[in-house]
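What the coordinates show
Read off the chains here:
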Amino acid sequence: MKKSLSALVASILVLTLAAGCTSSNNATPASTDTAAPGTEAPGKKPDSGTAEITMITLSDWDKHGLNDVIAGFEKQNPGIKVKLEMYPFRQLFETIEVKLGSKSKEYDVVTIDGPLVSNYSAKGYVDPLEPLLSSRDWQSKWIESSIQAGTYNGKLMAAPMNTSSQVLYYNKDIFAKKGIAPPSFDIDKRWTWEQIIDAAKQLTYDTNGDGQNDIFGFSFEQIGRAYQMLALSESLGAKPLSGSGLTATGFVNSEKSLQAAKFYSDLYNTWKVSPKITAEESGDFFATGKVAMFVGGTWNTGKFNEAKVNYGIAPHPFFAGQKIATPTGSWHVGVSKYSAKKEAAAKFIDYLTVGEGSKIWFNGNHDLPSNNDILKMINDDKKYDQFPDNIYRIATYEAQHTAVPRPVTPGFLEFESLFNKAYDDIKNGTDPKKALDDIAVQMDRQLKKYESLAK
Amino acid sequence: MKARYVPYLFLAPAVVLLLIFKVYPIALGLKNSLYAPGFIAGLDAFVGFDNYTGLFADHVFWHSVYVTLFFNVFVNPIQIGLAFGLALLLNARLKGIQAFRSVSFIPIAVSLPIACILWNIMLNPEQGVMNSILIGLGFSPQPFLTSKDQAIWIIILIATWKGVGYWAVFLLAGLQEVPQVLYEAASIDGAGKWDRFRDVTFPLMKRPLTFVTVADTVANFLLFAPMYILTKGGPENSTNVLMEESFNSAFVYSDPGRASAIVILLLILILLIIGLQFRLLRSKV
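Now for a look at the structure at hand. Just so it is clear, the model here is predicted, and its values are computed rather than measured.

Focus: the overall build of chain B
A tally of regular secondary structure across chain B gives 13 helices and two strands. Residue burial in chain B is summarised as follows: out of 285 residues, 45% are buried. The long-range share in chain B, meaning contacts at least 24 apart out of those at least 6 apart in sequence, stands at 66%. A total of about 15100 Å² of accessible surface is found on chain B, and carbon and sulfur atoms cover 72% of it. Across chain B, the 19 positively charged side chains and the 15 negatively charged ones have centroids separated by 13 Å.

Remarks on the overall build of chain A
Of regular secondary structure, chain A possesses 18 helices and 12 strands. Per-residue burial over chain A gives 58% buried out of 455 residues. Taking the contacts inside chain A whose residues are at least 6 apart along the sequence as the reference set, 77% of them involve residues at least 24 apart.

Some remarks on the packing of aromatic side chains
For the coordinates displayed, the defined rule picks out 55 aromatic pairs over all chains. When the ring of tryptophan 193 of chain A is compared with that of phenylalanine 220 of chain A, the centres are 5.7 Å apart and the planes differ by 55°; the resulting orientation is tilted. Residue tryptophan 193 of chain A is located in helix α8 (residues 193-202), and its partner phenylalanine 220 of chain A is located in strand β9 (residues 216-220); the two are separated by 27 residues in the primary sequence. For the pair tryptophan 193 of chain A and phenylalanine 220 of chain A, one class covers both residues: buried. Note on tyrosine 166 of chain B and phenylalanine 170 of chain B: the rings are 5.4 Å apart at their centroids and 80° apart in plane angle, and the pair reads as edge-to-face. With a gap of four residues between them, tyrosine 166 of chain B and phenylalanine 170 of chain B both fall in helix α7 (residues 151-177), about one helical turn apart. Given the relative accessible area of 29%, phenylalanine 170 of chain B is considered partly exposed. Counting every residue linked through ring pairs, the aromatic cluster contains Trp193, Phe218, Phe220, Phe263, Tyr264, Tyr268, Trp271, Phe319, Phe412, Phe415, Phe419 and Tyr423 of chain A.

Some points on the nonpolar core
Soluble, globular proteins show a tendency: their nonpolar side chains are buried together. Residues Phe220, Tyr264, Met293 and Phe348 of chain A are the most contacted members of the largest nonpolar core, which totals 135 residues. At eight residues, the largest contribution of residues to this core is made by helix α17 (residues 412-427) of chain A. If we skip the residues at most four places from it in the chain, methionine 293 of chain A touches Leu168, Tyr169, Tyr170, Phe175, Trp191, Ile196, Ala199, Ala200, Leu203, Gly217, Phe218 and Ser219 of chain A. Among the nonpolar cores identified, the runner-up in size contains 46 residues, and Val65, Leu123, Leu145 and Phe221 of chain B belong to it.

A word on the sheet that holds strand β10 (residues 291-297) of chain A
Two modes of strand pairing occur in sheets, parallel and antiparallel, and in both the strands are linked by backbone hydrogen bonds. Residues and elements named next belong to chain A. Read across the sheet, four strands follow the order β9-β10-β8-β11 without closing on themselves; strand pairing throughout is mixed. Both edges of this open sheet fall to β9 and β11 (311-314), since each of them pairs with a single strand only. Across this sheet, the average inter-strand angle for adjacent strands is 20°, counted without regard to direction. Bridge analysis of β9 against β10 gives four bridges, and the strand direction is parallel. Considered in β10, the bridge of serine 219 is made with phenylalanine 294.

Side note on the pattern of salt bridges
Scanning all chains against the criterion turns up 24 salt bridges over all chains. Salt-bridge contacts for lysine 434 of chain A lead to aspartate 438 of chain A; the nearest nitrogen and oxygen are separated by 3.0 Å. Of the two residues, lysine 434 of chain A and aspartate 438 of chain A both sit in helix α18 (residues 432-447), four residues apart, roughly one turn of that helix. A relative accessible area of 28% means that aspartate 438 of chain A is categorised as partly exposed. One salt bridge in this structure joins aspartate 58 of chain B and arginine 258 of chain B, with 2.5 Å as the shortest N-O distance.

Observations regarding the side chain of asparagine 220 of chain B
Residue and element names in this part refer to chain B. Mapped onto the secondary structure, asparagine 220 falls in helix α10 (residues 206-221). On the basis of relative accessibility, which here comes to 5%, the residue asparagine 220 falls in the buried class. Non-local contacts of asparagine 220, meaning those with residues more than four positions away in its chain, are made with Phe71, Asn72, Val75, Asn76 and Gln79.

As for the pairing of strand β1 (residues 51-58) of chain A
Looking along a regular strand, one sees the side chains alternate between the two faces of the sheet. All names here are of chain A. Counted residue by residue, β1 has seven buried out of eight residues, so it is predominantly covered. By the bridge criterion, eight bridges tie β1 to strand β2 (residues 80-87) in an arrangement that is parallel. If you follow glutamate 52 over to β2, its bridge partner there is lysine 81. One crossover worth recording links β1 to the parallel β2 by way of helix α2 (residues 62-76), and it is right-handed.

Observations concerning the packing of helix α9 (residues 193-204) of chain B against α10 of chain B
All names here are of chain B. Two elements in contact, α9 and α10, have axes separated by 5 Å at closest approach and are oriented at 55°. When the axis of α9 is compared with that of α10, the two are oblique. The segment α9 lies against α10, with Phe202, Pro203 and Leu204 engaging Lys206, Pro208 and Leu209. Class assignment of the residues belonging to the contact of α9 with α10 gives a composition of five nonpolar, no polar and one charged.

Rules and cut-offs
Note that residues are indexed from 1 along each chain, following the sequence as it is written. To label them, take the chains in the order written and letter them from A, then take the ligands in the order written and number them from 1. At least 70 in pLDDT is required for a residue's local features to be given in this predicted model, at least 80 for side-chain atom pairs to be given and counted, and no such filter applies to totals for whole chains, interfaces and linings, which use all residues. Only heavy atoms go into the side-chain values, all of them from the structure, while hydrogens and water stay out. A run of DSSP states H or I qualifies as a helix once it reaches four residues; a run of E qualifies as a strand once it reaches two. Both are numbered from the N-terminal end. Three labels apply to residues, based on accessible area from a 1.4 Å probe with only protein chains included: buried if under 20% of the type maximum, exposed if over 50%, partly exposed otherwise in between. The criterion used for residue contact is that any of the two residues' heavy atoms lie within 4.5 Å. Only the protein chains shown count as cover for residues, and all accessible areas are computed by the Shrake-Rupley method using a 1.4 Å probe. His is not counted here, nor are the chain ends, while Lys and Arg score as positive and Asp and Glu score as negative. Where a charge lies is defined by one atom per residue type, namely NZ (Lys), CZ (Arg), CG (Asp) and CD (Glu). Centres within 6.5 Å make a pair out of two Phe, Tyr or Trp rings, where for Trp the six-membered ring is used; the pair is then stacked when the planes are under 30 degrees apart, edge-to-face when over 60, and tilted otherwise. Definition of nonpolar core: a set of buried residues of the types Ala, Val, Leu, Ile, Met, Phe, Trp, Tyr and Cys, connected through side-chain atoms within 4.5 Å. Any two strands with at least two DSSP-identified bridges between them are counted as paired. With axes taken as lines fitted to C-alpha atoms, and helix axes fitted only over the stretch in contact, angles between N-to-C directions fall between 0 and 180 degrees. Salt bridge, as applied in this entry: a Lys or Arg side-chain nitrogen positioned within 4 Å of an Asp or Glu carboxyl oxygen. The handedness rule is simple: strands pointing away from the viewer, and a clockwise path from the first strand over the helix to the second, make the crossover right-handed. Roughly parallel refers to an angle under 35 degrees, roughly antiparallel to one over 145, roughly perpendicular to one between 65 and 115, and oblique to any angle outside these ranges. The classification used treats Ala, Val, Leu, Ile, Met, Phe, Trp, Tyr, Cys and Pro as nonpolar, Asp, Glu, Lys and Arg as charged, and all other residues, Gly among them, as polar.

Structural data, given as structure tokens:
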């Protein structure tokens, strides 16, 4: 009796805890849920004529222009209120999986990283955008590569908020201190990675005599993330996936991909010119003068100006004698399939990507625009000849001539997660060949489930 | 005759709630583990035991099983041993012992995610205070969570820091239930400190110890937050416990079937281990 009783107690205990845990998987990760100021008067419910739409998006975007966009939109559309729900980078993707995977009606506007448009479309998270958009001339409004990134099976699924490009930032003070000539702004005098390493070795040093380097020669911004890392292998002519986007073995671990990964590994483990930090910390390292050279997005100028770093700008490096490849692509917005207010959502997307909102967003976020009107304005306005706005001169050139988009695959989320994991391990000292061979097998297994989608 | 049904009537509300909130999700998990994502209008395909056979052929899964067992083989004895030691110390009749009790329970009051983030800042290899201390003392800086050899031990350390005070509360309550007369009687019979511990304290502590052992084991098998927050299962999958692999399967690799299969296998594994623990710790008192 006693035995069976204790067994019963044990099973109930296990069931309780195990079930408690499975259900916590379905719970929302802690959110930085912030309603944009001015979008919702506290204690006052929107009246019956007002529709409130919710946009799930990235942390801090309220401060980087999105609140201004919303203010402008609400002025034009008094019947619609926009609420933001914001998450950090990695949590944004997980929340979308949890919420849209369970067909939640909570979100109307979904922020989507360009390469994930096909993934979300395949999984049925977003509705085709075209029938909902009121602007009929969007095709002439955005650059071709951004339209392509937002299209799945010939249908526009998501509209581009912007595209992106990367430049080489350098700290003038650190260069001057070591007496090294900094890289040139001139596109034709672009530095090679070999030049970067030469300089970085001299620019990595100890300032307080404790035997530990505290100034580092070089850092990427998006450390370990496919967005920036793929430009290395692309420069060497490697493709990360097969043409169908469903095979990784022989591509992500090809000889040339491995060469790129070795270079990345050497930065941290052989030459030790890069600090072993995370993508979240890298910008602060440059802003506080701990990194001499920094390959990062155009959006950093605001931050660096604020931090009063004495910095200069140069074009993205490349491997000597090889192709020039730069990262590109960026955030899109789509309408959730489960939204009950699709028209209001599309109206906001229209304002943000085609309408006046796109310019407000550019002024706040400093990303490279996808909107042709703004690109033309940059081209014509003399203001963009001056530092630091001339960063867009480089960025526009790269977007037109050297940009290589990330691979097209319905399994991009799986590809990127495993790729990032491998590059994190490589940074921490794992043999690049082992890391890439391991993920190639895992990627193949994860991508197999999308074979039914390939025609 | 009527009286026979009365106890069941009283049990019914609890049983119904257990069925709805505990048994049903498990049944749902079991069902999900037999399906694979279909991508067309949310129609999932029935695949039988493919998710399970897929797991058995997958070295990432077996590595996670290994990591989960490795973690538990160390963390449980360490936590229970330290918690028992702490409970014995806190049970001492000293002036101001209440203050010591409060201090040792502080980690319980810190939420695990916050504790993880604070530890992560302290253990940051480039900027963290731990490495500053090590360098100040003349040691070389350590990679901590970025090393595949150290990461799992750091998580054991954090889990222990957090868990010891909590489990000690239960053991302390058990210790205070041991009647003083037994100690007095044992002393009169000439039992020394060690004899009293072995023949009085330990046998009477078997019940609370069984509870703590079982509950702690379950909690640690299902521990997920530190791996999720600190290492994402890395470096080189060295902290990729089954819970982390299950989470990733569901919410990163879009494969809820595989995730459910992992959880079901984990459930079976825990039941087996707990059955064993009950057998070994069966109280004869």
